[in-house]
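Chain by chain, the residues run as shown.
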Amino acid sequence: MSLEKILKFKGMSARYPIVQGGMGIGVSLYELCTSVGLEGGIPTLSSVALDQFTRKRLLALGEEVVDVLPGRMDFVEATRMEISDIKKISGDVAINVMCALPLYYEKSLEGAILGGVNMIVSGAGLPSALPSQVKNITGTNDHFINLVPIVSSARALNILIKKWDAQGYRPDAVVLEGPKAGGHLGWNYKQIENSEDFLKEYDVIEHLLPEVLDVANRYRNDFGPILVIVAGGVYTHQDIVNALDKGASAVQMGTRFAVTEERGFTPEAKQLYIDSKKDDIVIASRLWGSPCKYPFRYIEKSPLVTETQINPDQPYFCICPALMGATGIDNTAKKGFPKGCPEGYVLLDKQEACPAVGMSSYSNLVTAGSEAYRVNEVVSVSELMKELIS
């Protein structure tokens, strides 16, 4: 099946219905995004910690950078520059902005819009106010930015549409993320623990997609039915074809792009993918919770897991520095955090301490989708895209 020119987003000219996932922290950045765009896919930039990662890229190019905090440039300007520079090469670009990081959410939106972003993908919570937040920046709902929430059920999409209708906007598309996805998942621990077969019960193609398509077809936007992008467990060309045959308009893929030459992971992190077995890809227990309060999937043989003796009285770690370590940011000098969110990313409830308080291990943690064990070599984005489209 030819995949060429079968996807139509407003104001975009993607050649193939393949959206590269916006993987943080520091994974989906300039190099990966420009490579995906050049090969006809839709690149998605991760907004997390761009004040550090864009700064690092610019300094490596010999450019002058003005810091607003030690080691950090202005967040809005960093996001604007990253988007703008990617667009010069790729033409189109999306950005993934996490609801669970409210301190940087609107700054990410502002910088991305100033940079000319074509699509805003938002999850890790329901982006209930996204249309109004974008309108506050653009001055209108009549813009050519595709607003794309991430959901894991028809119920969530129904709720979101009603909230967006009150703001005078319908989603341009929706990412339907299944249980095989990497990183944070759209289910709580109770749902996972009470399911006899979590992956089968919430299978994205067989169980989730039909109900979401029904909602997407009933609540049309100005261009027709809401487009549905399937994510989680999509690995081969045939997987893409199957999703399209079942009614999806596109797929989003993270794991396959995780082990490309252009990816932000260190060589050691990529090797963990190659060496992993099926049983090595696990969902974090409640004891290994993220400050974002969502379950997440990772490679159990990550250094953080194998090198750290977990204290049963305080069995938490800080996911932010651990993930940044997997992309080459050295946090080993940190000695534990006294209060609040250590990186200022997660806005915690009043009087609530970050679960990482007091911990002092910042070894690397590598997140992955459930199919990561199938990866057996590092390839270029060009090689991967050729495999996926034929």
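### Considerations on the overall build of the protein chain
Across its full length, the protein chain carries 15 helices and 13 strands. Considering the protein chain as a whole, with its 390 residues, one finds that 58% of them fall into the buried category. Considering only intrachain contacts with a sequence separation of at least 6, the fraction spanning at least 24 residues in the protein chain is 70%.

### Considering helix H6 (residues 154–165)
For an α-helix the count is 3.6 residues per turn, leaving residues at separations of three or four pointing the same way. The end-to-end C-alpha distance of H6, which contains twelve residues, comes to 16 Å, matching closely the 16 Å that a straight helix rising 1.5 Å per residue would cover. Taken as a whole, H6 has its buried residues at Ala 154, Ala 156, Leu 157, Leu 160, Ile 161 and Trp 164. For H6, the arc enclosing every buried residue in end-on projection is 150°, short of the 170-degree limit, so these residues lie on one face. Structural note: H6 exposes Arg 155 and Lys 162 on the side pointing more than 90 degrees away from its buried face. Residues of H6 that are buried make contact with helix H5 (130–138), strand E7 (146–151), strand E8 (173–177) and helix H9 (204–218).

### A few points about the sheet that holds strand E9 (residues 183–184)
Read from one edge of the open sheet, three strands run E9-E13-E12, paired in antiparallel fashion. Only two strands of the sheet have a single partner each, and these edge strands are E9 and strand E12 (281–283). Direction of pairing for E12 relative to strand E13 (residues 296–299): antiparallel, over a ladder of three bridges. Within E13, the position partnered with Ile 283 by the bridge is Arg 297.

### Observations regarding the pairing of E13
Burial along E13 is two-sided: the residues Phe 296 and Tyr 298 and Arg 297 and Ile 299 are all buried. Pairing between E9 and E13: two bridges, direction antiparallel. If you follow Gly 183 over to E13, its bridge partner there is Arg 297.

### Some details on the pairing of strand E6 (residues 119–123)
Counting buried residues along E6, five of its five residues qualify, which places the element largely inside the surrounding structure. Every second residue of E6 is oriented toward a common face, with Met 119, Val 121 and Gly 123 on one face and Ile 120 and Ser 122 on the other, all of them buried. Pairing geometry for strand E5 (residues 94–98) and E6, over five bridges, is parallel. Of the residues in E6, the one forming a bridge with Asn 96 is Val 121. Examined bridge by bridge, E6 and E7 share four bridges and lie parallel to one another. Paired with Val 121 across the two strands is Val 148, which belongs to E7. Read as a crossover between parallel neighbours, the route from E6 over H5 to E7 is right-handed.

### A few points about the sheet that holds E6
Strand order in the open sheet made by the eight strands is E1-E11-E10-E8-E7-E6-E5-E2, with parallel pairing throughout. Only two strands of the sheet have a single partner each, and these edge strands are strand E1 (18–20) and strand E2 (44–46). Neighbour-to-neighbour, the strand axes of this sheet turn through a mean angle of 25°, independent of strand direction.

### Focus on the packing of aromatic side chains
According to the stated counting rule, one finds seven aromatic pairs in the structure shown. Both rings, one in Trp 164 and one in Tyr 169, keep their centres 6.2 Å apart while their planes meet at 65°; by these two values the pair is edge-to-face. Each member of the pair, Trp 164 together with Tyr 169, is buried. With a centroid separation of 5.4 Å and 90° between ring planes, the pair formed by Trp 187 and Phe 198 is classed as edge-to-face. Of the two residues, Trp 187 is situated in the loop between E9 and helix H7 (189–194) and Phe 198 in helix H8 (residues 198–201); the sequence distance between them amounts to eleven residues. The pair formed by Trp 187 and Phe 198 is uniform in burial state, with each residue classed as buried. Here the aromatic residues Trp 187, Phe 198 and Tyr 202 are joined through ring pairs into a cluster of three or more. Geometry around Tyr 30 places Arg 57 over its ring, the cationic atom sitting 4.4 Å from the centre. When the ring centre of Tyr 235 is taken as reference, the NZ or CZ atom of Arg 256 above it lies at 4.1 Å.

Rules and cut-offs
- In this numbering scheme, every chain counts its residues from 1 along its sequence in written order.
- Only residues with pLDDT of at least 70 are given local features in this predicted model, and only at 80 or more are side-chain atom pairs given and counted; all residues enter the totals for whole chains, interfaces and linings.
- Working from all heavy atoms in the structure, the side-chain values ignore hydrogens and water.
- Where helices and strands are cited, they refer to DSSP runs of H or I of at least four residues and of E of at least two residues respectively, numbered from the N terminus.
- Exposure categories follow from relative accessible area, calculated using a 1.4 Å probe and restricted to protein chains: below 20% of the type maximum is buried, above 50% is exposed, and the middle band is partly exposed.
- The contact rule is simple, with two residues in contact once any of their heavy atoms fall within 4.5 Å.
- In a helix, the anticipated span is given by 1.5 Å times the number of residues less one.
- Within this analysis, the arc is defined by the directions that extend from the helix axis to the C-beta atoms.
- Two strands pair under a simple rule: DSSP has to find at least two bridges between them.
- Throughout, right-handed denotes a crossover for which the path from the first strand over the helix to the second runs clockwise when the strands point away from the viewer.
- Each axis is a line fitted through C-alpha atoms, taken for helices only over the stretch in contact, and angles between the N-to-C directions span 0 to 180 degrees.
- Any Phe, Tyr or Trp ring, taking Trp's six-membered ring, that has another such ring centre within 6.5 Å forms a pair; planes under 30 degrees apart are called stacked, those over 60 apart edge-to-face, and the others tilted.
- Either the NZ atom of lysine or the CZ atom of arginine qualifies as a charge over a ring when it sits within 6 Å of the ring centre and within 35 degrees of the ring normal.

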